[in-house]
Amino acid sequence: MKHYRTLKAKYLSPTNHKGSRIKITDEYFGQSIILPYSYEFGNTEEQVYYFLIENNFNVIGYGTCNKDYIFMCDNWETSSEKAIMLNDLKK
């Protein structure tokens, strides 16, 4: 059985002080990143998918769990053999 890297994405509603956002969490490495919600995409799963692809994640699928999106990737490292870490990515 193949072990996939999973990333959880959650839509965060706007508050009185902050606009809509998306939180992506990598529980394996204990990291998360918050992105501003883009109305250009119009939905959470599409925005997260393109964000991950642009940052060298090889997304092979996604699912939903309790209103969160779970993205599965089959790569853990880049060509330099260092794991892609959410804290290192640019928003």
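In this text the structure is predicted, and so the values were computed from the model without any measurement. (Residues numbered from 1 in each chain as written. Predicted model: local features only at pLDDT ≥ 70, side-chain atom pairs only at ≥ 80, totals over all residues. Heavy atoms only, no water.)

Draft legend 1. Seen up close, a nonpolar patch on the surface. A surface patch of nonpolar side chains, amounting to about 250 Å² of accessible area, comprises Tyr49, Tyr50 and Ile53. Relative to the helices and strands, tyrosine 50 is located in helix α1 (residues 44–54). (Patch = residues over 30% accessible without salt bridge, like charges linked within 9 Å, V, L, I, M, F, W, Y side chains within 5 Å. Areas by Shrake-Rupley, 256 points an atom, 1.4 Å probe, with all protein chains shown as cover. Salt bridge = Lys/Arg side-chain N within 4 Å of Asp/Glu carboxyl O. Helix = DSSP H or I, 4+ residues; strand = E, 2+ residues; numbered from the N terminus.)

Draft legend 2. Seen up close, the pattern of salt bridges. A full pass over the atoms with the stated rule returns 2 salt bridges. Across the pair aspartate 26 and arginine 5 runs a salt bridge whose closest N-O atoms are separated by 2.5 Å. Placement of aspartate 26 in strand β2 (residues 21–26) and of arginine 5 in strand β1 (residues 5–12) is noted, with a sequence separation of 21 residues between them. There is no split in this pair, since aspartate 26 and arginine 5 are both buried. Here lysine 8 ties to glutamate 27 by a salt bridge, and the two come within 3.3 Å at their closest N and O atoms. Separated by 19 residues along the polypeptide, lysine 8 in strand β1 and glutamate 27 in the loop between β2 and β3 (31–36) bring together distant segments of the chain. (Buried < 20%, exposed > 50% of the residue type's maximum accessible area, 1.4 Å probe, protein only.)

Draft legend 3. View of the environment of tyrosine 11. If you trace the backbone, tyrosine 11 turns up in strand β1. Put simply, tyrosine 11 and glycine 63 are 52 residues apart on the chain and 15 Å apart in space, counted from C-alpha to C-alpha. Not counting chain neighbours up to four residues away, the residues in contact with tyrosine 11 comprise Ser20, Arg21, Tyr37 and Thr44. At 2.8 Å, the side chain of tyrosine 11 and the side chain of serine 20 are in polar contact. (Contact = heavy atoms within 4.5 Å. Polar contact = N/O pair within 3.5 Å; in protein donor to acceptor, adjacent residues only side chain to side chain.)

Draft legend 4. Inspection of the pairing of strand β5 (residues 68–73) at higher detail. The pairing of β1 with β5 spans 5 bridges and is classified as antiparallel. Bridge pairing in β5 links threonine 6 to methionine 72. Alignment of strand β4 (residues 59–65) against β5, held across 6 bridges, turns out to be antiparallel. The residue of β5 that forms the bridge with valine 59 is cysteine 73. Counting the residues that bridge the hairpin from β4 to β5 gives 2 residues, and of these asparagine 66 lies at a positive phi of roughly 55°. (Pairing = 2+ DSSP bridges.)

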